[in-house]
Amino acid sequence: MSSLKADARFILSATSPAQFPNLRLPEFAFLGRSNVGKSSLLNVLAGVRKLAKVSAQPGRTQAVNFFTISDTFTFADLPGYGFAKVPIHVQQSWKSLVEAYLVQRQQLALSFILLDARRGWMDKDLELREWLLHQGRPFLVVATKIDKLNQSELHRGLAAIRRQNDGSEPVPFSAITGQGAREIWQAIKTAKTR
Ligand SMILES: Nc1nc2c(ncn2[C@@H]2O[C@H](COP(=O)(O)OP(=O)(O)OP(=O)(O)O)[C@@H](O)[C@H]2O)c(=O)[nH]1
Ligand SMILES: [Mg+2]
């Protein structure tokens, strides 16, 4: 598997659009509910255990965290949405930060929508999906934490996700086993050279 261990670097953590870095590299964004496994996926892809902080408490990533990979592209770890215990003003600031990112970010090559394979689409995920479609932003759906499902649960979970994704297949992924990382890398390489 191609992980780029030595060359993954944390750049900065932005809490407002003015702080977004301008590195002129193709960028890949990781989006999804709080606790779905965005930071864990990023760490697996980069081959670095603690590149992106993995939260013990949901809702911890409240900024957009930027990383460069081999100085050829960047990853953006976006704050998770939909955590009920987060106060309303924090949810609103999430929304304006993420919307500003998705509207403005010219170098954004591809977004990943992460869904918990056990839960599938929830309202906020569908809202995000509609929004990306509306903005003409390409995205790929990743079904996370598949190590927690048996074969038949996995089959059912993936089918449910596909049904609400115009029949497109999600990438099954586990940060524990690394399954799916190769497909995600492939999608990144394809989008990067497009
Ligand atoms: N079993 C299993 N646990 C996972 C997997 N991915 C993430 N987790 C766990 O789920 C919890 C949340 O993971 P994070 O990667 O921090 O999730 P996040 O989407 O970045 O969360 P926020 O930053 O709060 O939005 C952590 O306890 C992880 O260890 C996976 O593939 N399998
Ligand atoms: Mg996170």
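All figures in this text were calculated on a predicted structure; none of them were measured in a lab.

Let us look at helix 3 (residues 123-135). Taking 1.5 Å of rise per residue, 13 residues should cover 18 Å, and helix 3 covers 18 Å from first to last C-alpha, within 8% of that figure. Turning to helix 3, its buried residues are Asp125, Leu128, Arg129 and Leu132. When helix 3 is viewed along its axis, its buried side chains cluster within an angular range of 100° and face the same direction. Residues of helix 3 that are exposed and point over 90 degrees away from its buried face: Asp123 and His134. Elements in contact with the buried residues of helix 3: strand 2 (27-32), helix 2 (88-104), strand 5 (108-116) and strand 6 (139-144). The positive-phi residue at the C-terminal boundary of helix 3 is Gly136, with phi of around 70°.

Here we come to the side chain of Glu27. Relative to the assigned elements, Glu27 resides in strand 2. Glu27 sits in the buried class, given a relative accessible area of 1%. Setting aside anything within four residues of it in sequence, one finds Glu27 in contact with Phe66, Thr74, Ala76, Tyr101, Arg105, Gln107, Leu108, Ala109 and Leu110.

A few words on the pairing of strand 2. Of all 6 residues making up strand 2, 6 are buried, and the element is well covered by its neighbours. Along strand 2, one buried face is formed by Glu27, Ala29 and Leu31 and the opposite face, lined by Phe28, Phe30 and Gly32, is buried too. Bridging between strand 2 and strand 4 (residues 73-77) involves 4 bridges; their strand directions are parallel. Counted as the bridge partner of Phe28 is Phe75 from strand 4. Note that strand 2 and strand 5 share 6 bridges and pair parallel. Bridging from a neighbouring strand, Ala29 pairs with Ser111 of strand 5.

Right, let's talk about the confidence of the model for the protein for a bit. Scored by pLDDT, the protein has a mean of 88; 87% of the residues are at 70 or more. Here residues 1-6 is modelled with pLDDT under 50, and outside its nearest four sequence neighbours on either side it reaches 19 contacts, counting other chains as well.

Glancing now at the layout of surface pockets. Approximately 340 Å³ is the volume attributed to the second largest pocket. Along its surface, the second largest pocket is lined by 19 residues, and Tyr81, Trp94, Lys95, Lys124 and Glu127 are the ones closest to its centre. Looking at the lining of the second largest pocket element by element, the count peaks at 9 residues for helix 2. Grouping the constituent residues of the lining of the second largest pocket by class yields 10 nonpolar, 5 polar and 4 charged.

To continue, consider the pattern of salt bridges. Inspection of every chain in the model, using the stated rule, returns 7 salt bridges. Notably, a salt bridge pairs Asp116 with Arg118, separated by 2.8 Å at the nearest N-O pair. What makes Arg118 partly exposed here is its relative accessible area of 41%. Across the pair Arg119 and Asp116 runs a salt bridge whose closest N-O atoms are separated by 3.5 Å. Looking at Arg119, the relative accessible area reads 57%, which means it is exposed. Take Asp116: its relative accessible area is 6%, and that puts it in the buried class.

This part is about the packing of aromatic side chains. A complete count under the given rule lists 10 aromatic pairs for this structure. Measuring from ring centre to ring centre gives 5.6 Å for Phe28 and Phe73, while their planes differ by 85°; the resulting arrangement is edge-to-face. Here Phe28 is found in strand 2, whereas its partner Phe73 is found in strand 4, with 45 residues between them in sequence. Relative accessible area serves as the criterion here: at 0%, Phe28 is assigned to the buried category. Here Phe73 falls in the buried class, since its relative accessible area comes to 3%. Ring geometry for Phe30 versus Phe75: centroids 5.1 Å apart, planes at 85°, classification edge-to-face. Placement of Phe30 in strand 2 and of Phe75 in strand 4 is noted, with a sequence separation of 45 residues between them.

Here is what the cut-offs are and how they apply
- Along each chain, residue indices are assigned from 1 in the same order as the chain's sequence is written.
- Written order decides the labels, with chains lettered from A and ligands numbered from 1.
- Only residues with pLDDT of at least 70 get local features here, since the model is predicted, and only at 80 or more are side-chain atom pairs given and counted; chain-wide, interface and lining totals rely on the full set of residues.
- Excluded from the side-chain calculation are hydrogens and water; included are all heavy atoms of the structure.
- The numbering of helices and of strands both runs from the N terminus, where a helix is a DSSP run of H or I of at least 4 residues and a strand a run of E of at least 2.
- Expected helix span is given by 1.5 Å per residue-to-residue step, counting one fewer step than there are residues.
- Relative accessibility under 20% of the residue-type maximum defines a buried residue, over 50% an exposed one, and the middle range a partly exposed one, all with a 1.4 Å probe and only protein chains included.
- Read the arc as the range of directions from the helix axis to the C-beta atoms.
- Working rule for contacts: check all heavy atoms of both residues, and any pair within 4.5 Å makes them a contact.
- Only strands that DSSP links by at least two bridges are regarded as paired with each other.
- Confidence scores here are pLDDT values: one per residue, from the predictor, ranging 0 to 100.
- A cavity, in this analysis, means grid points on a 1 Å lattice covering only the protein atoms where a 1.4 Å probe fits yet has no way out; a pocket is instead an open set bounded by protein on both sides within 12 Å along at least five of seven lines, and a residue lines either one if it has an atom within 4 Å of a point.
- Grid points are joined across faces, edges and corners, and a volume is the space filled by probe spheres set on the points.
- In this classification, Asp, Glu, Lys and Arg are treated as charged, Ala, Val, Leu, Ile, Met, Phe, Trp, Tyr, Cys and Pro as nonpolar, and every other residue, Gly included, as polar.
- Salt bridges, as used here, are contacts in which a Lys or Arg side-chain nitrogen is within 4 Å of a carboxyl oxygen on Asp or Glu.
- Classification of ring pairs rests on two measures: the distance between centres of Phe, Tyr or Trp rings, Trp counted by its six-membered ring, which must be within 6.5 Å, and the angle between planes, read as stacked under 30 degrees, edge-to-face over 60 and tilted in between.

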